[in-house]
Every structure is written in C-alpha cells, then in structure tokens.
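Summary of the model geometry
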Amino acid sequence: MVNPDKTMNSATEMSATENLSTEKKTASKAIVIGGSIAGLITARVLADHFDQVYLLEKDSYPTTAPDYRKGVPQARHQHILLVKGREIFETLFPGFDQELASMGGKTADHTRDMMLFSTAGLLPRFESGIELRINSRINIDWVLVKRVRSIPNITVLEQTAVSDLIKQNNTIGGVMLDDGRQLDADLIIDAMGRGSRTPKWLKEMGYAAANEEVIDAKLGYASRIFKKPENDPADYQAVAMTPIPTHNPRGAGLWEIENDHWLLTLIGTAGNHPPTDEAGYLAFAKALADPVVFNTISRAKPVSDIYAFRGTANRWKHYERLNSFPDGYLVIGDAFCAFSPFYGQGMTSAALSATELDNVLRKYKSSLSTNKEKLRRDFFRKAGKRFASPWTLATGEDLRWPDTSGGTTGFAIKASHKFMDALMPLSTSSKLLVTHFLKITNMKASPLLLFDPRILFQLFVYWIKRAVFRHETKS
Ligand SMILES: Cc1cc2nc3c(=O)[nH]c(=O)nc-3n(C[C@H](O)[C@H](O)[C@H](O)COP(=O)(O)OP(=O)(O)OC[C@H]3O[C@@H](n4cnc5c(N)ncnc54)[C@H](O)[C@@H]3O)c2cc1C
C-alpha cells in the first residue's frame, strides 16, 4: 500500500512528485481506472462535470481495426446490448448506433428475426417492434473508444495500470501507477471489472470489506465464429436457446454479426461446460434441445478457434451498505455488481449506473469538496437500487439449479418460480406475454408488467382448457 505520509502530506510535496497532471491546481480533475465499457461511459459522463478527465487503461487499444485485447477476454463471446442500454449509449454518444450499422451490424426484430426458445419451446415469430442491433462486442468498444478519444477534456492513457490509491485522511486524492508515477484528482472511479483491486486496497488501508454476495450457477461459455455461406436459407438473424432447469443444462446463442459471420456461443450450466475441442464442441451443439443451431453451423465454415469463458458467477459487492468508506472514490460497472452473462445485463447496468453518476454529480458538483461523502452515499445507493431488478432476474433463474452455490431460495424466489412456471406454457402462443417478457428483459419495463390483467386472463383460460383436457382424457 502507498504510504500517504510519503505522497500527499501537502500540496507542495505532491507537486514535487512526478505528477502526470499538467492542469493548474484549481482545475477540477477526475480519474477513471479501467477503460472498458463502464470506464468509457463513465469518462464520457465525467467530462460534463470536470475540467479534465483521465481514463487509465492497462492495455493498449487496437489502432487500425476492432480487435480483441487481454483485459476484456469476454469480448470473444456473445454480447447483447439490451434496448435500454442501446438508448443510453445513443444519448451519451449521439450517432453511436449508426456507426455500428456502418460497420456491418444489422438490426433484428426480437421475435420476427430471431428464433427464441423458452423452457417451453419456440416462441411465436411475429413483428414485436422491439429491435436489437447485433454486432460483435469488439465493434462496440471500437466505437466508444473512438468517441471518447474525440472529447477534448478526456485524456486516454493506455498501458497505464493503477497499482494503488493515495489516501489523505479519509479521502482518496490520487492514484499510484505501476511505473511509480502519481496522478491526483478530485474524484476517482474504479471501473476495473470483475478483477477490481478495490477490496484489496481498502483492506490495506484498514477499511472493512464490503459484503460480497456470490451466486454461482457454474455457467460456462464456448464461442466460435463461422462464415455464413452465400444464399444460406436461414430466415433468422439469431437463435437463443435457454438451458432448461433442471433437465437440460445446455443452451446457445447464435448471432449473425458483421461480415456475414455467425457467432455461436454454446452455454452450459451447472458445470456442464461446452468443450473447446472440435468434436466435443459439435457434439454439444448437436445435443441442444432443437437442431436449428447445429444445422446452421453445419452449413457454415469455422473461421476462428473455439474460446472458453468460465468464472461467470453473479457477484455484488455491497458498497451501498458500507458505513466506512473513503471519500472521493467510487466503484462502477462489474467491479460493483457483475451478473451471470446469460441475460446480457452487464453493459446496460453499467450505463444505468453512469446515468445515476450524472444525476448525483449534477446535485453535488458545485460544492464537491464539502459534499464528497453525500455524493458517494447517494451514488452507491442509487446504483444499488438499479441492480435490484437485473440481480433478481439473473440469480432467481440460477437458483433453480441444485448445484448453484450461494444465495437462498426463500419464499419470494419460490413464489416467482411457481408464477413463471405457470406462465411459461403460454409463452409459445401468447404474443402479448412474449412482448411483455422482452420489455422486461430489455430493462424497458418492470417485472410487474407480468401481472397485466390480460395475461392473467389468458392464464386462467389456459388452466380451464388444461383441466377440461385432463378430465376428458381420464374419462
Ligand atoms: C462471457 C461474458 C459474456 C457477457 N455477455 C454480455 C452481454 O451479452 N451483454 C452485456 O451487456 N454484458 C455482457 N457481459 C458483461 C460485460 O462484459 C460487462 O458488464 C462489461 O464489459 C462492463 O464491464 P466493466 O467495464 O465494468 O469491466 P471489464 O469489461 O471487465 O473491463 C475492465 C477494464 O479495466 C482494465 N483494468 C483492470 N485493472 C486495471 C488497472 N489496475 N489499471 C488500469 N486498468 C485496469 C481492464 O484492462 C479492462 O479494460 C458478459 C460478460 C461475460 C464474462
């Protein structure tokens, strides 16, 4: 840990150190640690409130074309930007969506252009009006990095890893870089993702650790890109197949990304991870609940290796519950709350947190130096509230698997399982229910939408029909 006595005893001593900042001391400064999705959108928000924003990323970004990088290994796998997230990204970076389109990302109606399989079977194909843009994750990063670089008061420092925090009294006033240099700021934000070093740094400073809730359904991904043949008969741009608790732990997401490529992510729950060898990968695809995925890739040509991802547990570090925490320091994105990826909630949750950051900065920025504690408490509380719904969705489903570790299946979860089980058979015929589901999973509506009286009526009719059918087959 950095000894604060050696680094920030006084402003004079601080300026005597090799300080990266060239701003005059009175200019307000913010630092974001980590330059993936959460870090990029956070830097964009901070640029509206601070004179100078530093985005510190330990990797180098690709320079000539979108590419993978070490710090974001999950980019090899399916990445769905939910409708809500797409809207927020567009607000923060006007023209973002069109840039993705110009790079080959196509839009797809969620039901007309996609084959979605619920636990009950194939959902109806119809025009829902709910639209996704399908592209690879590296294209999203490429556009965001380009846009952030173009903001005059953001300085992007690549190959710049933060190794520690600099504390003075109860305030974090700067960061120590791997090469020994220091950078000071009025507000510092951890966007280091699942590998966040904040818990370690805070512990070394003597703060109590945040209680971390971990719910792990032992979900594993294996992904590969295929070239779609010309004149392929597929009348869909994507196929999404959910594992079926507790009978079939296999699922898949097949996405027509840019360049006429299919990105196939095979998904295995409860430790039934998809293999990464050629034969095992194909055998896993063949054993899916429906042959459409296997048939589609059988017509296509593999153009990448097979990449695996494990370590997908839901992890919520409850910073919003901590009483003792340094001022001038916040945590955002996966570093705060990381979701099991199946529902594609990570990028959108990070965007919602960035929106809350904007709100609290508007409230406290004019008197930041005296309101750092209020800002921190407000931000953690509001961001935490935003996690509640996606957390319940992700963990609620994960808790159906007996092998899931962490969490408890209390009354509320059991009741929601029963309700969802009752609704599921309707999902293969009710367009209204499917549309409601998609609005909820795309974070455009509250789960309470499922209590729509029209849905409850459909459920009632279904039960009556089922009872009559059972009675007739018995007699
Ligand atoms: C397999 C998988 C699939 C997913 N699918 C989806 C999906 O479909 N939809 C969706 O919305 N989300 C999805 N997610 C979640 C999504 O990837 C993340 O929520 C999103 O990337 C935001 O994360 P982040 O920016 O907080 O952290 P990360 O993306 O993990 O980035 C952390 C960044 O911090 C940098 N860094 C780390 N330590 C330091 C340091 N000391 N100094 C400087 N820089 C540092 C890293 O290099 C990296 O760039 C998925 C996740 C996984 C694992």
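No experiment lies behind these values; they were computed from the predicted model shown. Throughout, a residue's number is its position along its own chain's written sequence, starting from 1. Restriction of local features to residues with pLDDT of at least 70 applies here, the model being predicted, together with a cutoff of 80 or more for giving and counting side-chain atom pairs; totals for whole chains, interfaces and linings are based on all residues. Think of the side-chain values as coming from all heavy atoms in the structure, minus any hydrogens and water.

A closer look at the overall build of the protein
- Each helix corresponds to a stretch of at least 4 residues labelled H or I by DSSP, and each strand to a stretch of at least 2 residues labelled E; elements are numbered beginning at the N terminus. What the protein contains, in helices and strands, is 14 helices and 21 strands.
- With the C-alpha coordinates of the protein rotated into their principal frame, the extents come out at 90 × 50 × 35 Å.
- Counting across all 475 residues of the protein, residues that qualify as buried make up 55%.
- Whether two residues are in contact is decided by their heavy atoms: any pair within 4.5 Å suffices. Partitioning the intrachain contacts of the protein with sequence separation of at least 6 by distance along the chain shows that 73% fall at a separation of at least 24. Using a 1.4 Å probe on the protein chains alone, a residue whose accessible area is under 20% of its type maximum counts as buried, one over 50% counts as exposed, and one in between counts as partly exposed.

Some details on the site of the ligand
- Nearness is judged by heavy atoms alone; a residue qualifies as near a molecule or strand once a single heavy atom is within 4 Å of it. Taken together, 32 residues lie near the ligand, and S36, E57, I80, D334 and M347 sit nearest.
- For the purposes of these results, a polar contact is taken to be a pair of N or O atoms within 3.5 Å, where, inside protein, one atom must be able to donate a hydrogen and its partner to accept one; residues adjacent in sequence count only when each atom of the pair is a side-chain atom. Between Q74 and the ligand, the recorded distance is 3.0 Å, taken from a side-chain N or O atom to an oxygen atom.
- Contacts to the ligand include G346, whose backbone N or O atom sits 3.3 Å from an oxygen atom.
- Residue exposure ignores everything except the shown protein chains as possible cover, and the areas themselves are Shrake-Rupley values with a 1.4 Å probe. When the ligand is considered free in solution it has 1000 Å² of accessible area, and contact with the protein chains removes 96% of it.
- Counting residues per element, the ones that place at least two in the shell around the ligand are α3 (37-46) and α10 (346-364).
- Of the residues that constitute the shell around the ligand, the class distribution is 14 nonpolar, 12 polar and six charged. Note on residue classes: Ala, Val, Leu, Ile, Met, Phe, Trp, Tyr, Cys and Pro are nonpolar, Asp, Glu, Lys and Arg are charged, and everything else, Gly too, is polar.

Here we look at the pattern of salt bridges
- Each salt bridge in this description consists of a side-chain nitrogen of Lys or Arg and a carboxyl oxygen of Asp or Glu lying within 4 Å of one another. Overall, the coordinates contain 34 salt bridges when judged by the stated rule.
- The partner of E131 in a salt bridge is R86, with the nearest N and O atoms 3.2 Å apart. Taken together, the residues span a long stretch of sequence, with E131 in strand β6 (residues 131-134) and R86 in helix α4 (residues 83-92) at a distance of 45 residues.
- For R377, the salt bridge identified is with E373, shortest N-O distance 2.9 Å. Taken as a pair, R377 and E373 lie in helix α11 (residues 368-398) at a separation of four residues, close to a single helical turn.
- Salt bridges linked by common partners bring R86, D97, E131 and R133 together as one network.

Regarding a nonpolar patch on the surface
- Nonpolar side chains collect at one region of the surface, where F457, F460, I464 and V468 lie side by side and expose about 400 Å² of accessible area between them.
- Relative to the helices and strands, V468 is located in helix α14 (residues 453-474).
- For V468, a relative accessible area of 40% gives the class partly exposed. Here, patches come from residues exposed beyond 30% relative accessible area and free of salt bridges, joined within 9 Å for like charges and within 5 Å for nonpolar side chains (Val, Leu, Ile, Met, Phe, Trp, Tyr).

With respect to the sheet that holds strand β20 (residues 329-331)
- A pair of strands counts as paired when DSSP detects no fewer than two bridges linking them. Judged by pairing direction, the sheet is parallel, and its five strands sit side by side in the order β7-β2-β1-β11-β20 without closing on themselves. The sheet is open, and its two borders are formed by β7 (154-157) and β20, each paired with just one other strand. Strand after strand, the sheet turns through a mean of 15° between neighbouring axes, direction not considered.
- Every axis in this analysis is a line fitted to C-alpha atoms, fitted for helices over the stretch in contact. Angles between the N-to-C directions lie between 0 and 180 degrees. Seen against the sheet, α11 touches β11 (187-190) and β20 and runs at an angle of roughly 5° to β20.

Section: the packing of aromatic side chains
- Each pair of aromatic rings taken from Phe, Tyr and Trp, with Trp reduced to its six-membered ring, is defined by centres within 6.5 Å and is described as stacked if the planes are under 30 degrees apart, edge-to-face if over 60, and tilted in the remaining cases. One pass over the full model with this rule turns up 16 aromatic pairs.
- Where Y236 meets W262, the ring centres are 6.1 Å apart and the plane angle is 35°; that geometry is what we call tilted. Of the two residues, Y236 is situated in the loop between β13 (220-227) and β14 (238-241) and W262 in strand β16 (residues 261-268); the sequence distance between them amounts to 26 residues. For the pair shown, Y236 and W262 are each scored as buried.
- Feature note: the residues W316, Y319, F325, Y329, F336, F339, F379, F380, F387 and W391 constitute an aromatic cluster, connected by ring pairs.
- Whether a charge sits over a ring depends on NZ of Lys or CZ of Arg being within 6 Å of the ring centre and within 35 degrees of the ring normal. Cation over ring: R76 sits above Y307, and NZ or CZ is 3.9 Å from the ring centre.
- A cation over a ring is seen here: K365 above F50, with NZ or CZ 5.0 Å from the ring centre.

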